[in-house]
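Residue-level structural notes
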Amino acid sequence: MDHFLYKNGVLHAEDVSVSEIAAQVGTPFYVYSAATLTRHFKLFDEALEGMDHLVCFAMKSNSNLAVLKLMGELGAGIDVVSIGEYLKAKAAGLPGDRIVFSGVGKTRWEMRQALEGGIRQFNVESEPELEALNEVATALGVKAPIALRVNPDVDAKTHAKIATGKSENKFGIPIATCRDVYARAAAMEGIDVVGIDVHIGSQLTQLEPFELAFTKVAELTEALRADGHNIRRLDLGGGLGIPYERSNEAPPLPVEYGDMIRRTVGHLGCEIEIEPGRLISGNAGILVSSVIYLKHGEGRDFLIVDAAMNDLVRPSMYDAYHDIVPVEEPVAGAEQAPVDVVGPICETGDTFAKGRNMPALGEGDLVAFRSAGAYGAVMASEYNSRPLVPEVLVKDDQFAVIRARPSFDEMINRDTIPVWL
Ligand code: LLP
């Protein structure tokens with residue numbers, strides 16, 4: 001459930017009319033609902049009730065400072081994958097001991113910054129990374145808390161580009177050989193082994209792959225404890241999917257996911273961390289755009305809108321489905337006709353939807369791309385010299401621009417022409 005509903009014939013974000021925001025901010029823009037973000041965080045937090053736990057929001061899904069501040073105030077931890085994300089989390093007020101550092105290619109410089117600034121744990125993905133971290137921590141005279149990210153060789157049954165838990169993927173250390181790596185880690189002066197980490201992929205729509213992976217993690221916990229390691233924390237990653245196509249998708253609920261966690265690893269007495277991103281932010285955001293033209297092509301109609309693949313890349317990158325709805329509520333029983341919804345960018349791939357049934361729309365009409373709060377604004381670019389679109393946060397009947405649209409001058413002046421040219 002989210003808080004984007006029609007009221008008095010107009011799509012609202014909570015109690016704010018989306019067309020009102022459009023009039024003030026101009027299109028395209030992202031708008032997020034604080035109530036939806038809060039609700040989704042709490043669903044996870046409550047799903048893990050009774051277990052010592054920390055829900056670490058994966059900020060790669062949405063890294064606006066205001067969203068991070070909201071998460072921090074709710075008591076969330078944050079999962080970061082670069083020093084840029086780490087510094088943003090800190091800037092939003094998150095204490096270091098609630099920040100988990102994931103990612104397959106952390107540099108020594110990033111490790112040092114995080115150790116100096118405070119960190120809850122590094123999720124280490126390879127032996128070379130472990131050695132580098134040991135050296136950096138030893139030079140600083142500290143011990144780096146770590147979990148090794150294990151690769152359980154489980155098929156997440158999701159899009160190949162976002163599946164991470166098979167042995168052929170670049171992620172993690174093979175679960176079968178990781179006991180040796182744990183032994184090496186335990187002997188290192190700059191390393192404190194605190195737990196195990198696993199993340200098998202994103203947009204999972206079934207619980208079975210998680211269950212398979214977590215069962216392997218439970219067995220590994222017992223084996224490592226028998227080896228003498230004090231395994232006290234399990235980071236189970238993120239990945240629970242959301243219903244993009246609401247009419248025919250119903251992924252498992254956080255409460256079912258929580259019960260499965262209790263069932264698979266609950267008996268171990270470990271502190272549980274999870275790293276959800278999409279389920280918290282995805283349906284908490286929409287991308288609002290205006291129709292530029294309705295173009296009649298040969299055998300098909302194109303609805304050309306002012307948002308494009310540079311603003312929301314998921315449809316072109318993953319063939320992802322996003323619901324597209326008019327901001328003005330269509331009258332009941334209004335006729336619908338198939339259109340290709342496309343952006344103005346000079347690529348055929350700049351297509352949001354093909355043959356999508358939509359009510360009659362024309363120049364100036366507003367449309368909203370739903371489920372765009374995760375991996376939307378964060379993946380945007382300025383391709384075709386289109387400035388990044390603004391972000392707006394709504395709470396009850398108030399809204400604020402939480403990232404302004406850059407001016408064309410700002411965009412142009414970021415480049416410099418060498419004196420010798
Ligand atoms: N933890 C780790 C280590 C991750 O790599 C990810 C996502 C997450 C947590 C959060 O997963 P989530 O709960 O959001 O599924 N750009 C793609 C998604 C890439 C996901 C990358 N890793 C998309 O638009 O579908």
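Residues numbered from 1 in each chain as written. Predicted model: local features only at pLDDT ≥ 70, side-chain atom pairs only at ≥ 80, totals over all residues.

Naming follows an unreviewed UniProt entry, where the protein chain appears as Diaminopimelate decarboxylase of Celeribacter halophilus. The UniProt entry for the protein chain carries the following comment under Subunit (unreviewed entry): "Homodimer." (UniProt positions renumbered as here; feature names shortened; annotations may be inferred.)

1. Thoughts on the UniProt feature "domain: Orn/DAP/Arg decarboxylase 2 N-terminal" (unreviewed entry) in the protein chain
According to UniProt, the feature "domain: Orn/DAP/Arg decarboxylase 2 N-terminal" (unreviewed entry) maps to residues 36–281 in the numbering used here. Its end C-alpha atoms 8 Å apart, residues 36–281 is made of 40% helix and 17% strand. (Helix = DSSP H or I, 4+ residues; strand = E, 2+ residues; numbered from the N terminus.)

2. Structural notes on helix α8 (residues 208–226)
Compared with an ideal rise of 1.5 Å per residue, which puts 19 residues at 27 Å, α8 spans 27 Å between its outermost C-alpha atoms and is within 8% of the ideal. On its buried face, α8 is in contact with β9 (144–151), α7 (178–186), β11 (191–197), β12 (233–235) and α9 (254–265). Gly-228 sits one or two residues past α8 and shows a positive phi near 100 degrees. (Expected span 1.5 Å × (residues − 1). Contact = placed C-beta atoms within 7 Å.)

3. A short note on the site of the ligand
Close contacts around the ligand come from 20 residues, with Ser-202, Gly-238, Gly-277, Arg-278 and Tyr-375 the closest. For the shell around the ligand, the elements supplying multiple residues, two or more each, are α10 (278–281) and α11 (314–318). For the shell around the ligand, a count of residues per class yields 6 nonpolar, 9 polar and 5 charged. Two domains share the shell around the ligand, each providing at least three of its residues, namely domain 1 (4–31 + 282–413) and domain 2 (34–279). (Near = placed C-beta within 6 Å. Nonpolar A, V, L, I, M, F, W, Y, C, P; charged D, E, K, R; others polar. Domains from an automatic or database assignment.)

4. Notes on the packing of helix α2 (residues 34–47) against helix α3 (residues 65–74)
Between α2 and α3, whose axes approach to 11 Å, the crossing angle comes to 40 degrees. Classified by the interaxial angle, the pair formed by α2 and α3 is oblique. The chirality of how α2 crosses α3 is right-handed. Here Ala-34, Leu-37, Thr-38 and Phe-41 of α2 lie close against α3, whose contacting residues are Val-67, Leu-70, Met-71 and Leu-74. (Axes fitted to C-alpha atoms, helices over the stretch in contact; angles between N-to-C directions. Parallel < 35°, antiparallel > 145°, perpendicular 65-115°, else oblique. Left-handed = near helix turned anticlockwise from the far one by under 90°.)

5. Regarding the domain arrangement of the protein chain
Domain boundaries in the protein chain define domain 1 (4–31 + 282–413) and domain 2 (34–279). Placing a centre on the C-alpha atoms of domain 1 and another on those of domain 2 gives a separation of 32 Å. Across the boundary between the two partners, domain 1 contributes 21 residues, which contact 20 residues of domain 2. Elements with a contribution of two residues or more to the side of domain 1 that touches domain 2: β20 (391–395) and β21 (398–403). Sort the elements by how many residues they give to the side of domain 1 that touches domain 2 and β20 lands first, with 4 residues. Across the side of domain 1 that touches domain 2, the residue classes break down as 11 nonpolar, 5 polar and 5 charged.

6. Re the sheet that holds strand β2 (residues 10–13)
Strands belonging to one sheet form pairs held by backbone hydrogen bonds; the direction of such a pair is parallel or antiparallel. Strand order in the open sheet formed by 3 strands is β1-β2-β3, and the pairing between neighbours is antiparallel. The sheet terminates laterally at β1 (4–7) and β3 (16–17), the two strands that pair on one side only. As paired elements, β1 and β2 share 4 bridges and run antiparallel to each other. In the strand pairing of β2, Phe-4 is matched with Ala-13. (Pairing = 2+ DSSP bridges.)

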